[in-house]
Amino acid sequence: MKAKFFKLLLPAFAILMAVGLAFATENERVTQEAHYFLLGQGWQTVMIEDDCDATGQSPCEFNGIQLYSEPDFASIALRKP
Amino acid sequence: MANQGIHSKLVTLFSLLLTLLFVYTAVSKLIELDTFQWRLERMPYIAPYASLLSWKIPFLELIIAGLLWLPRYKIMALYASFMLLGIFTLYIVLVLKFSDSIPCSCGEVISALGWTDHILLNVSFMVLALLGILWSKKKYNTQTHQNTT
């Protein structure tokens with residue numbers, strides 16, 4: 001009886017906890033505009049997540065092309081941790 | 001024999017942890033389904049299947065989490081957990097090794113982890129699933145042997 005009770009209670013508890021945790025840690029996506037230069041087509045704008053900024057170790061790229069904060073090569077070349 | 005008792009409890013604990021992981025990640029994706037799809041669309045190799053995968057992945061995770069608690073399907077669910085985590089880990093490794101553009105990290109709490117930490121987390125859960133398979137099979141074989149003798 002006790003074992004059966006636990007077999008029902010344990011998964012129910014785990015599922016409730018996971019659902020609660022998912023809602024508790026829900027965060028709004030923060031996006032920003034970024035720009036890249038495509039040969040023949042000029043500057044293109046894409047929406048990216050906010051983990052790209054002026055600092056970081058690896059470059060922020062879109063399809064392998066470096067992203068910039070403005071449609072200008074003199075602007076910040078975006079990087080991410 | 002005493003080991004089997006411990007193993008059985010550990011398999012329950014592993015199932016509990018895998019359930020937590022799968023339900024948490026599935027619900028997180030479903031809460032922000034459009035965001036999840038948006039992220040998938042920016043992932044290398046799988047972008048064309050983004051709309052399909054954005055539904056199928058959380059659905060599959062919830063099914064596996066449920067099957068982990070049905071004794072008849074437990075081993076199958078542990079295999080499925082191992083494979084799902086394995087595919088995801090292999091995908092991350094391939095992206096990190098061969099893709100020009102590394103996607104943004106995934107959402108929620110796990111987003112605090114880098115991709116390398118993500119691989120470590122996945123491998124840890126894969127080990128739990130693998131141990132669960134081995135110990136559940138051992139128990140199943142012993143029970144079958146006892147019933148036939």
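Residues numbered from 1 in each chain as written. Chains lettered and ligands numbered in written order. Predicted model: local features only at pLDDT ≥ 70, side-chain atom pairs only at ≥ 80, totals over all residues. Heavy atoms only, no water.

A.B. asks: Tell me about the overall build of chain A, and name the residues and values.
C.D. replies: The number of helices and strands found in chain A is one helix and six strands. Listing the helices and strands of chain A from first to last along the sequence gives α-β-β-β-β-β-β. For chain A, the proportion of its 81 residues judged to be buried stands at 23%. Residue pairs in contact within chain A that sit at least 24 positions apart in sequence constitute 38% of those at least 6 positions apart. Within the structure as shown, chain A displays about 5,500 Å² of accessible surface, and the carbon and sulfur contribution to it stands at 63%. (Helix = DSSP H or I, 4+ residues; strand = E, 2+ residues; numbered from the N terminus. Buried < 20%, exposed > 50% of the residue type's maximum accessible area, 1.4 Å probe, protein only. Contact = heavy atoms within 4.5 Å. Areas by Shrake-Rupley, 256 points an atom, 1.4 Å probe, with all protein chains shown as cover.)

A.B. asks: Account for the overall build of chain B, with residues named and values stated.
C.D. replies: Within chain B one finds five helices and zero strands. For chain B, the sequential pattern of α-helices and β-strands runs α-α-α-α-α. Per-residue burial for chain B yields a buried fraction of 44% across its 149 residues. Considering only residue pairs separated by 6 or more positions, chain B has 68% of its internal contacts joining residues 24 or more positions apart.

A.B. asks: Lay out a nonpolar patch on the surface in plain terms, naming residues and giving numbers.
C.D. replies: All names here are of chain B. A grouping of Tyr45, Leu90, Leu94 and Phe98 is seen on the molecular surface, where their side chains present a nonpolar patch of about 440 Å² in accessible area. Mapped onto the fold, Phe98 is located in helix α4 (residues 74-98). Given the relative accessible area of 56%, Phe98 is considered exposed. (Patch = residues over 30% accessible without salt bridge, like charges linked within 9 Å, V, L, I, M, F, W, Y side chains within 5 Å. Salt bridge = Lys/Arg side-chain N within 4 Å of Asp/Glu carboxyl O.)

A.B. asks: Which residues make up the pattern of salt bridges, and what values go with them?
C.D. replies: All names here are of chain B. Counted by the stated rule, this structure contains one salt bridge over all chains. Notably, a salt bridge pairs Lys29 with Glu61, separated by 2.8 Å at the nearest N-O pair. With a gap of 32 residues between them, Lys29 in helix α1 (residues 2-31) and Glu61 in helix α3 (residues 50-67) connect regions that are remote in the sequence. What makes Glu61 buried here is its relative accessible area of 6%.

A.B. asks: Summarise α4(B); cite the residues concerned and give the values.
C.D. replies: Taking 1.5 Å per residue, 25 residues should reach 36 Å; α4(B) reaches 36 Å between its end C-alpha atoms and fits that length. For α4(B), the full list of buried residues reads B:Lys74, B:Ala77, B:Leu78, B:Ser81, B:Leu84, B:Leu85, B:Gly86, B:Thr89, B:Tyr91, B:Ile92 and B:Val95. (Expected span 1.5 Å × (residues − 1).)

A.B. asks: Explain the confidence of the model for chain A to me, using residue names and the numbers behind them.
C.D. replies: Overall, the predicted model of chain A reaches an average pLDDT of 81, with 89% of residues at or above 70. No element of chain A has a lower mean pLDDT than strand β2 (residues 42-49) of chain A, which averages 80, and none a higher one than strand β5 (residues 65-66) of chain A, which averages 86. (pLDDT = per-residue confidence, 0-100.)

A.B. asks: Can you explain the packing of helix α2 (residues 33-40) of chain B against α3(B)? Please cite residues and give values.
C.D. replies: Residue and element names in this part refer to chain B. Contact pair α2 / α3: the axes reach a minimum separation of 9 Å and the direction vectors enclose 125°. Taken together, the axes of α2 and α3 are oblique relative to one another. Where α2 crosses over α3, the handedness of that crossing is right-handed. Contacts from Leu33, Phe36, Gln37 and Leu40 of α2 reach α3 at Ala50, Ser51, Leu53, Ser54, Trp55, Ile57 and Pro58. Residue classes in the contact of α2 with α3 are distributed as eight nonpolar, three polar and no charged. (Axes fitted to C-alpha atoms, helices over the stretch in contact; angles between N-to-C directions. Parallel < 35°, antiparallel > 145°, perpendicular 65-115°, else oblique. Left-handed = near helix turned anticlockwise from the far one by under 90°. Nonpolar A, V, L, I, M, F, W, Y, C, P; charged D, E, K, R; others polar.)

A.B. asks: Describe the side chain of B:Ser15, naming the residues involved and giving the relevant values.
C.D. replies: Tracing the backbone shows B:Ser15 in helix α1. Ignoring anything within four residues of it in the chain, the contact list for B:Ser15 reads B:Leu68, B:Trp69 and B:Lys74.

A.B. asks: With reference to specific residues and values, describe the packing of aromatic side chains.
C.D. replies: A complete count under the given rule lists seven aromatic pairs over all chains for this structure. Measuring from ring centre to ring centre gives 4.8 Å for A:Trp43 and A:Phe73, while their planes differ by 55°; the resulting arrangement is tilted. Taken as a pair, A:Trp43 in strand β2 and A:Phe73 in the loop between β5 and β6 (79-80) lie far apart in primary sequence, 30 residues in all. Ring centres of B:Phe14 and B:Trp135 lie 6.0 Å apart, and the angle between their planes is 20°; on these two criteria the pair is classed as stacked. Linking B:Phe14 in helix α1 with B:Trp135 in helix α5 (residues 115-148), this pair joins segments that are 121 residues apart in sequence. Given the relative accessible area of 8%, B:Phe14 is considered buried. Of the aromatic side chains, those joined through ring pairs into one cluster are A:Phe37, A:Trp43, A:Tyr68 and A:Phe73. A cation over an aromatic ring shows up here: B:Lys74 above the ring of B:Trp69, its NZ or CZ 5.4 Å from the ring centre. (Phe/Tyr/Trp six-rings, centres within 6.5 Å; stacked < 30°, edge-to-face > 60°. Lys NZ or Arg CZ within 6 Å of the ring centre and 35° of its normal.)

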